[in-house]
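# Working through the structure, step by step
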Amino acid sequence: MHNATASVIETPAYVLSRLQKMLLYAAFATALFALLLLLMSVVQGYYDGAILLASVILFVANYLCLSTVTIHWRNAVVKGLASTLAALLIYYQLDSNLAENLRLADSVNNTGGGAGFNGTAIAGFWLVVLSAWLTAWLCVEHLSSIETLSRIKNGVLSLVIPLLFGVWLLLLWEFITRGAGVPQVLLPSPSAIAERFSNSIPTLVADFKQTFLKAVLIGYAIGCSAGFIVAVLIDRSPFLQRGLLPIGNLVSALPIVGIAPIMVMWFGFDWPSKAAVVVVMTFFPMLVNTVAGLSAASSMQHDLMKTYASNYWQTLFKMRLPEALPFIFNALKINSTLALIGAIVAEFFGTPIVGMGFRISTEVGRMNVDMVWAEIAVAAVAGSLFYALLSGIERMLTFWHPSMRN
Amino acid sequence: MTTEESSQTGKVIEIDDLSLTFETSDGPVYALSDINLSIEQGDFVSLIGPSGCGKTTLLRVIADLEAATKGTISVNGVTPEQARMQRAYGYVFQAAALYPWRTIAKNVALPLEIMGIGSAERKRRVQQNLELVNLGGFEKKYPWQLSGGMQQRASIARALAVEPDLLLMDEPFGALDEIVRDHLNEQLLSLWAKTNKTVVFVTHSIPEAVYLSSRIVVMSPRPGKIHDVIESHLPKQRSLDIRETPEFLALANRVRDGLRAGHSYDEPEL
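Note that the structure is predicted; figures quoted are calculated from it, not measured. (Residues numbered from 1 in each chain as written. Chains lettered and ligands numbered in written order. Predicted model: local features only at pLDDT ≥ 70, side-chain atom pairs only at ≥ 80, totals over all residues. Heavy atoms only, no water.)

## Side note on the overall build of chain A
Counting its secondary structure elements, chain A contains 16 helices and zero strands. Within chain A, buried positions represent 45% of all 406 residues. Only carbon and sulfur atoms are counted for the fraction: they give 72% of the accessible area of chain A, which is about 20900 Å². (Helix = DSSP H or I, 4+ residues; strand = E, 2+ residues; numbered from the N terminus. Buried < 20%, exposed > 50% of the residue type's maximum accessible area, 1.4 Å probe, protein only. Areas by Shrake-Rupley, 256 points an atom, 1.4 Å probe, with all protein chains shown as cover.)

So this is what it looks like as structure tokens:
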């Protein structure tokens, strides 16, 4: 038996990477420094419990992990919990101080920093935020370096990591906008946006129906299918290939949103004119991509079909369209983004008093920037889900393509 | 049926004074010049020659993938185009050319789907031909999950599934390593001995040509023409050991001499 050598080989040393070490030291150092600053403010007679507690938690958590040099999922859990707890406490501090202790924000806002919170508290606040953020970053770092063969664990990880990352981006946004007192018109805090969002759900739903369900989806469906059909026709006719395709390439390079006012003239104020813009925007990418996809089959594959005495339609359905699928899905994905942009921007040029683009353009005029952000959030979520749906279907249908194989 | 008529007369392919010239921007390229050849039912004919001698082009003319510019050619007593429309031959290309979105079984079934053959018969032929090339059990695999040799075997099964009397093979084992190639050569030979199919086989390997063929057509380049036709009287059932026998070596030497004579200059004249 070769147990000795085997055991040497079987114990892989998941030593902390350089970045992880640097993050760990930085998180620890900032927590320590924040703790000292806050203790000083206690000595000076000011007591800020929540932030002090947050810095203690971060300090202890980072100290516990400081001695271990190997990565373990427990490390990630400790750091994740510590940073979340710290974030909650900082948030609580922001919220409870908002009415009475606006000093956090006001000191920066009114006097340009220094006064109000004795300066030390503000520095302490930022240090705790920084330390909590570094700790959270380290948690994500640990999580992403976990290598597991289990599919379920991998699935959970691939969901948890971006979620944690996203949540922390939002938290930082919240802390910075509120802690530094950034004016609402420049950048509202996520909590303000969320509040506005929950208060205006009927409006948002109506806008979503008008813009996404009507203009985007209908325009997208018509534009993509028309582009596809014309591509197949072009492919059969050398005249169209030489005449229409160069024009198609030219038009697809134009900023097509510019035609929105014209479409309003032609199709009226309501959603059909927006759908028309989307049709024009999505038509040419689909056309150009499908034409490219239809010529993707190699000459050997064409010869093969010829030796079977295959007719045009058999060759089209059994060889050329499957071969063109990756190109077609490329166009579908590009178009999902283009359609949303087209429909929203088209509404800037005349619309009934509903729609995401309409809401954005009017609310920004009324300085209700939080409503603009709420609409942007709806558009982002809808656009991402649409794109994810298309990617999912693509993965199912073009599993055979080298870029999709595992 | 023309197929039956020609099998009675025994002539599968008749080529008379055939020439093919490609017009290119650099002027005409004489790919084939004055080819005369007749191939009978049950022949295994190898076309051998250096690259550019037109051996693949000749095979493509038989398959109606290229059209001759002069002369006549008949396949099964009709024009190559008619023969192609009747699905008179199976063609194996240099690469397997399997469709990655179809399983191996579905790839083999492809020509049968195009021919409109019913699903039960399709299933039977797919099964039978996959077993013939030793790919039983790989029906549900995708081509990219198989090795190059297995892919090429699948493409041979696909050509055989059409159940043609004539098999046209264009350097089918050219991209494979020596051991796989020997193995597939043996399998092809036993298949030919069993079924009495006519095979036209393009290669640039002398041992391969001599081992497989009942007749070896030596071609020379610029312009592509037939230099020599060598009859082989090796027994129809041969093992790989036959390559050590004096008869085999004599044939190989004759082919080598023919190739050298057709290639009498050291540098190509431009």
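## Side note on the nonpolar core
In terms of nonpolar packing, the biggest core is built from 50 residues, with Ile48(B), Met169(B), Leu188(B), Phe201(B), Val210(B), Ile216(B) and Val255(B) touching the most fellow members. The element that contributes the greatest number of residues to this core is helix H6 (residues 148-161) of chain B, accounting for seven residues. Sequence-distant contacts of Val210(B), that is, excluding residues within four places in its chain, are made with Ile216(B), Leu234(B), Arg238(B), Phe248(B), Leu251(B), Ala252(B) and Val255(B). Core analysis: the next-biggest nonpolar cluster, separate from the first, contains 44 residues, Trp400(A), Ile35(B), Ile114(B) and Leu166(B) among them. (Core = buried A, V, L, I, M, F, W, Y, C linked by side-chain atoms within 4.5 Å. Contact = heavy atoms within 4.5 Å.)

## A short note on the confidence of the model for chain A
Residues and elements named next belong to chain A. Looking at chain A, the pLDDT average stands at 81 and 86% of residues meet or exceed 70. Contacts of residues 1-13 to residues separated by more than four positions or lying in other chains number zero contacts, the stretch itself having pLDDT below 50. Counted against residues more than four places away or in other chains, residues 99-121, with its pLDDT under 50, gives 33 contacts. (pLDDT = per-residue confidence, 0-100.)

## A short note on the environment of Leu127(A)
Residue and element names in this part refer to chain A. Within the secondary structure layout, Leu-127 lies in helix H6 (residues 120-144). Accessibility expressed as a relative area gives 14% for Leu-127, which makes it buried. The spacing of Leu-127 and Phe-283 is 156 residues in sequence and 52 Å in space, taken between C-alpha atoms. In this structure Leu-127 touches Thr-30, Phe-33, Ala-34 and Leu-37, once residues within four positions along its chain are discounted.

## Considering the pairing of strand E9 (residues 225-231) of chain B
The two faces of the sheet receive side chains in turn, since in a regular strand these alternate between them. Residue and element names in this part refer to chain B. Pairing analysis gives six bridges linking strand E8 (residues 215-220) to E9, with the strands arranged antiparallel. Residue pairing for E9: Ser-220 is matched across the bridge by Lys-225. Between E8 and E9, which pair antiparallel in sequence order, lie four residues; one of them, Arg-222, sits at a positive phi of approximately 50°. (Pairing = 2+ DSSP bridges.)

## Regarding the interface of chain B and chain A
Across the boundary between the two partners, chain B contributes 23 residues, which contact 18 residues of chain A. The largest per-residue losses of area from chain B upon contact with chain A belong to Tyr99(B), Trp101(B) and Ile114(B), which jointly make up 32% of the total buried on that side. Connecting chain B to chain A are two salt bridges. Close ionic contact of Arg60(B) with Asp303(A) constitutes a salt bridge, the shortest N to O distance being 2.8 Å. Sorting elements by how many residues they give to the side of chain B that touches chain A places helix H4 (residues 104-115) of chain B first, with four residues. A per-class count over the side of chain B that touches chain A returns 15 nonpolar, one polar and seven charged. (Buried area = accessible area lost by both parts, 1.4 Å probe. Salt bridge = Lys/Arg side-chain N within 4 Å of Asp/Glu carboxyl O. Nonpolar A, V, L, I, M, F, W, Y, C, P; charged D, E, K, R; others polar.)

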